[in-house]
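Observations on the three-dimensional arrangement
What follows is the residue order along each chain.
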Amino acid sequence: MNQLYTCVTQQHDLRLVAVAALICGLGCYATFTIGRQVFRRQPWRERLAWALTGVIGTSSAIWATHFIAMLAYEPGMAIGFAVGQTAASLGMAAVLVGLGAGLVVMWPGLSGRLVGGAIIGLAISAMHYTGMGAYAVQGSLAWDAATVAWSIAVGAGFGSLAMGLAFHRRRAVRNLAPMVLMLAVCGTHFLGMSAVTIRFDPRVEIPGGSMDTTILSILTTNAVLLILGLSLAALHLWRLNRRRHEAESQRLRDLADIAVEGLMICDGNTICGINHSLERVLGRSSEDLLGGSLQRVLTDLSISDIPRHQEIDAVLHDAAGLPIPVRLIAQSIVIKAKPHTVVAVRDQRERLRAEVEMHRLAHHDALTGLANRRQFNEALSARFASRRSGDDTFALMLLDLDRFKTINDTLGHGMGDALLERVAQRLRRAIRSDDLVARLGGDEFAILKAGGIDLAEIQVLAERVLDLLGRPFLIDGHVLNIGTSIGIALAPSDGLTSGQLMGNADLALYGAKEDGRGRYRMFEESMNVRIQARRSLELDLRRAIARQEFTLVYQPQLCVRTGTYDGAEALIRWQHPERGLIPPAEFIPLAEETGLIGPLGEWVLRTVCTDALTWPRHLTVAVNLSPVQFRDARLAQTIRTILAETGLPGARLEVEITEGSLLQDEQKTLAILRELRTLGIRISMDDFGTGYSSLSYLRRFPFDKIKIDQSFVRQTPDDHDSAAIVRAITMLGASLGMKTTAEGVETDAQSRFVMDEGCDQLQGYLISRPIPLASVAALFSEAFPCVQTA
Ligand code: C2E
Ligand code: CA
Ligand code: CA
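As the structure is a computational prediction, the values presented were derived from the model and not from experiment.

This paragraph deals with the overall build of the protein chain. From N to C terminus, the protein chain includes 29 helices and 26 strands. At 58 Å, the protein chain has a C-alpha radius of gyration far larger than the 28 Å of a compact globule built from 790 residues. Projected onto its principal axes, the C-alpha coordinates of the protein chain cover approximately 185 × 55 × 50 Å. The burial tally for the protein chain puts 46% of its 790 residues in the buried class. The long-range fraction of contacts in the protein chain, counting pairs at least 24 apart against all pairs at least 6 apart in sequence, stands at 66%. On the protein chain, roughly 38,700 Å² of surface is accessible, and the fraction owed to carbon and sulfur atoms is 57%.

Written out as structure tokens, the structure is:
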């Protein structure tokens, strides 16, 4: 080492040494820049051309370094260079460098590179020592064999290392290769120079024809220019190439970045490209991911698992490790002569969210946010499907709000909706988290109660719901009282399928309503029988009008003052094809509930008006009107039309109403009654005395007639209370200017009593049972033989 140091610092012109090093560095840099072109994908001629350029450049660099360094060497005596050997040294370098480079190209893999690199290293020493053969001095050269060996080894070693590094995966390592080659060149040269000792001998003469330093300078200058030129050309090419490559990849990146889909380029399982879309999806920057393993974002698949022609579902992980559902499809591409895979990533979150939202919309009631009928049915079916053991029991509750329809009709749908929302809120409060509450539609709700059928627990829940919904609601300044009826069925005892269970809960609900609403009923088998009968009756009732199964009978009414008839009350009869005569008490409530009372009532009115035309002109006909008929604001108009169509004068028609008609919406009913009054129609208060506040009604509307309920008449004259009531009513009627009729008069005693008390009219079996039209008409024409009919 010491020897080498002394050699370089004391025997050389350091300025020229620096030039030699610079030339060497440039040459080495050019070597690899050009060498890289040989490995690019291009026609073999071009590759060969690049290879030759590289070999010439490299050998020239080695050669020029050597000779500039020789010029820097100052042995302190005359020197010269033999022309032939100087040229031979360059040739030697070129041949060996060519051989080494050839090996590197032809023998892929590390060993080829190491061996090829070693040969290039040997080219340096071969050149050096051939070059030294051209060195003529006025004296003799003595060589230190060990140092010579070292110089050869250093050249071969560093040459080998340089080639080994030149192909390294990482750029930073690759960039070391030119420097290592430079070490090989400089190391060989200066070790070689320190191995030599020159002894002055004045007898020795520089052979003629040797080049002096001037000529050598010119030659080396040319070589240097050649190397520089080549280096610059290589540099320029490299830059151009890099720019083109960068522009190309930028274009590709831009293209990829405007893609909505996420794109990822992989080299095996290593991520080597990623677009903006995917960066956004993953919440990670490309710097973070590039060069990393695919498994950092895709844990359960490797690149070969992703199919080429068909999308698959997969899960990526974002920066926080959260899963992102995606669909993946792969495509092979070649980038820089290497097969890569492009993976297209389609983010599924938005789609899945939309699906969830659609599912939510399809399964929830938009107004209240509760589960809707569909979800409820699904839950109920699922309950049955998952029910295996007999121990798995649950309860179904069906709710029907009691006075909702009236509120909706009178205060408007806005109020109805607000009320339903509030009902939903209270129901949510009533249930436990594992119970399901749903709005099945309208004012119907349902609760699927989980956790067995502990009767006490179910009753507690039912009571709680009744209590919560029974409390008043304060909405927009209105105090609304609704309440609810509840029907309860238990699975599996009350039903083995959803349909059965729902049906039976519905029957129980029906029972609760029949019992007077505002209460709950558990399903009982007997309900089934009763309800079935009712259902079939309802069906029959719907068909009965069309099939003309209804008839009217008339019960004559006797005027006490004249002792003869002054009219009759029409009473409906249903002749059922199988069940025979069905009394009105059985089917009128059903007709009222189902709304059939509307058309039925109209039929009665029309028939009555037609029938009465066959009677003597002064006789009236009385018709019973149901409270439900008064809910229809067009009732008066309907009657007016019927009178006009049949031609019966209004004065010959009487309508009988009960307290129920005034109970529901007094103002509306009174308005209708006043309108009927203008048509000349007379109005009777039927079944008087049975209600609670009957007396007050009499003051609110000037009825034409009060009909004393038959329950009192029947008890007279023996029962003192009934007798007192009958007396009070007749007196009241007289004082208010209203006529009184005693209904249900069956005996002479009753007849005498009511007449004595001042009743104006008698009606009952004693006078006549209700009889068909023909009979009543005959009865009337017999009583009034000279009076014409209408
Ligand atoms: P209502 O208006 O009080 O009719 C009188 C009821 O008493 C009739 O029963 C009649 O047959 C019965 N009756 C009359 N005299 C006697 C008697 O001396 N003894 C006994 N035990 N009963 C007597 P019906 O025909 O069965 O009608 C029952 C109820 O059905 C009626 O009571 C009325 O509220 C209703 N109804 C009958 N026809 C119609 C109709 O066309 N429309 C409406 N809305 N209701 C009707
Ligand atoms: Ca009546
Ligand atoms: Ca009556």
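In terms of domains, the protein chain is made up of domain 1 (2-239), domain 2 (260-352), domain 3 (364-524) and domain 4 (535-780). On a C-alpha basis, the centres of domain 3 and domain 4 stand 40 Å from each other.

On to the coordination of the calcium ion (ligand 3), then. The protein atoms donating to the calcium ion (ligand 3) are Asp 686 (OD), Asp 687 (OD), Glu 743 (OE) and Glu 743 (OE), with metal-donor distances spanning 2.2 to 2.6 Å. Written as a sequence motif, the donor arrangement for the calcium ion (ligand 3) is D-D-x55-E. Between the two metal centres, the calcium ion (ligand 3) and the calcium ion (ligand 2), the spacing is 3.8 Å, with Asp 686 acting as a shared donor. Highlighted residues: Asp 687 in strand β22 (residues 682-688) and Glu 743 in the loop between β24 (739-742) and α28 (748-757), separated in sequence by 56 residues. Look at Glu 743 and you get buried, because its relative accessible area is 7%.

Those protein atoms acting as donors to the calcium ion (ligand 2) are Glu 569 (OE), Asn 624 (OD1), Glu 656 (OE) and Asp 686 (OD), and they sit at 2.1 to 2.3 Å. One chain supplies every donor for the calcium ion (ligand 2), spaced along it as E-x54-N-x31-E-x29-D. On the accessibility criterion, Glu 569 (2% relative accessible area) is buried. For Glu 656, a relative accessible area of 1% translates into the label buried.

Within this model, the second largest pocket holds a volume of roughly 1,600 Å³. As for the second largest pocket, its lining consists of 38 residues, and the residues nearest its centre are Lys 405, Arg 517, Glu 592, Glu 593 and Arg 631. Only β10 (394-401), α14 (404-411), α17 (498-514), α18 (525-544), α19 (584-594), α21 (627-630), α23 (659-664) and α24 (666-678) provide two or more residues apiece to the lining of the second largest pocket. Looking at which element gives the most residues to the lining of the second largest pocket, the answer is α14, with 6 residues.

Spatially, 5 strands are ordered β6-β5-β9-β8-β7 in an open sheet, and the strand pairing comes out antiparallel. The sheet terminates laterally at β6 (270-274) and β7 (312-317), the two strands that pair on one side only. Put simply, the sheet's adjacent strands are angled 40 degrees from each other on average, direction ignored.

This part is about the pairing of strand β15 (residues 484-491). Counting buried positions over the 8 residues of β15 gives 8, a clear majority of the element. Of the two faces of β15, both are covered, the one formed by Thr 484, Ile 486, Ile 488 and Leu 490 as well as the one formed by Ser 485, Gly 487, Ala 489 and Ala 491. The pairing of β10 with β15 spans 8 bridges and is classified as antiparallel. Across the sheet, the residue bridging to Leu 399 is Ile 486, located in β15. Pairing of β15 with strand β16 (residues 520-522) involves 3 bridges; the strand directions are parallel. Looking across to β16, one finds that Gly 487 is bridged to Arg 521.

Around ligand 1 sit 20 residues, and of these Gln 555, Arg 573, Gln 710, Glu 746 and Tyr 765 come closest. Backbone polar atom of Ile 572 to a nitrogen atom of ligand 1: 3.1 Å apart, as the coordinates give it. One of the side-chain N or O atoms of Asp 686 is found 3.1 Å from an oxygen atom in ligand 1. Here ligand 1, which alone exposes 780 Å², has 81% of that area covered by the protein. The leading source of residues in the shell around ligand 1 is strand β18 (residues 564-576), at 4 residues. Looking at the shell around ligand 1 residue by residue, the classes come out as 7 nonpolar, 6 polar and 7 charged.

Across the sheet, 5 strands lie side by side as β11-β12-β10-β15-β16; this open sheet has mixed pairing. Unpaired on one side and paired on the other, β11 (436-441) and β16 mark the two borders of the sheet. Strand-to-strand twist across the sheet, computed as the mean angle between neighbouring axes with direction ignored, equals 20 degrees. Against the sheet, helix α16 (residues 455-470) makes contact with β10, β12 (444-449), β15 and β16, and its axis sits at roughly 160 degrees relative to β15, the strand it touches most.

This part takes up the environment of Ala 149. If you trace the backbone, Ala 149 turns up in helix α6 (residues 145-166). Ala 149 sits in the partly exposed class, given a relative accessible area of 45%. Remark: the alpha-carbon pair of Ala 149 and Ser 125, spanning 24 residues in sequence, is separated by 9.8 Å.

One way to put it is that α17 packs onto α18 with a least axis distance of 10 Å and a crossing angle of 80 degrees. By the angle between their axes, α17 is roughly perpendicular relative to α18. Across the interface between the two elements, Asn 504, Asp 506, Leu 507, Ala 508, Tyr 510 and Glu 514 of α17 pack against Met 527, Asn 528, Arg 530, Ile 531, Arg 534 and Arg 535 of α18. Each residue belonging to the contact of α17 with α18 can be placed in one class, and the counts come to 5 nonpolar, 2 polar and 5 charged.

Reading the values: rules and limits
- Residues numbered from 1 in each chain as written.
- Chains lettered and ligands numbered in written order.
- Predicted model: local features only at pLDDT ≥ 70, side-chain atom pairs only at ≥ 80, totals over all residues.
- Heavy atoms only, no water.
- Helix = DSSP H or I, 4+ residues; strand = E, 2+ residues; numbered from the N terminus.
- Rg over C-alpha atoms; globule rule 2.2 N^0.38 Å.
- Buried < 20%, exposed > 50% of the residue type's maximum accessible area, 1.4 Å probe, protein only.
- Contact = heavy atoms within 4.5 Å.
- Areas by Shrake-Rupley, 256 points an atom, 1.4 Å probe, with all protein chains shown as cover.
- Domains from an automatic or database assignment.
- Donors = N, O, S within 2.8 Å, 3.2 Å for Na, K, Ca; no water.
- 1 Å grid on protein atoms, 1.4 Å probe; cavity = no way out; pocket = protein on both sides within 12 Å on 5 of 7 lines; lining within 4 Å.
- Points joined across faces, edges and corners; volume = space filled by probe spheres on them.
- Pairing = 2+ DSSP bridges.
- Axes fitted to C-alpha atoms, helices over the stretch in contact; angles between N-to-C directions.
- Near = heavy atom within 4 Å.
- Polar contact = N/O pair within 3.5 Å; in protein donor to acceptor, adjacent residues only side chain to side chain.
- Nonpolar A, V, L, I, M, F, W, Y, C, P; charged D, E, K, R; others polar.
- Parallel < 35°, antiparallel > 145°, perpendicular 65-115°, else oblique.

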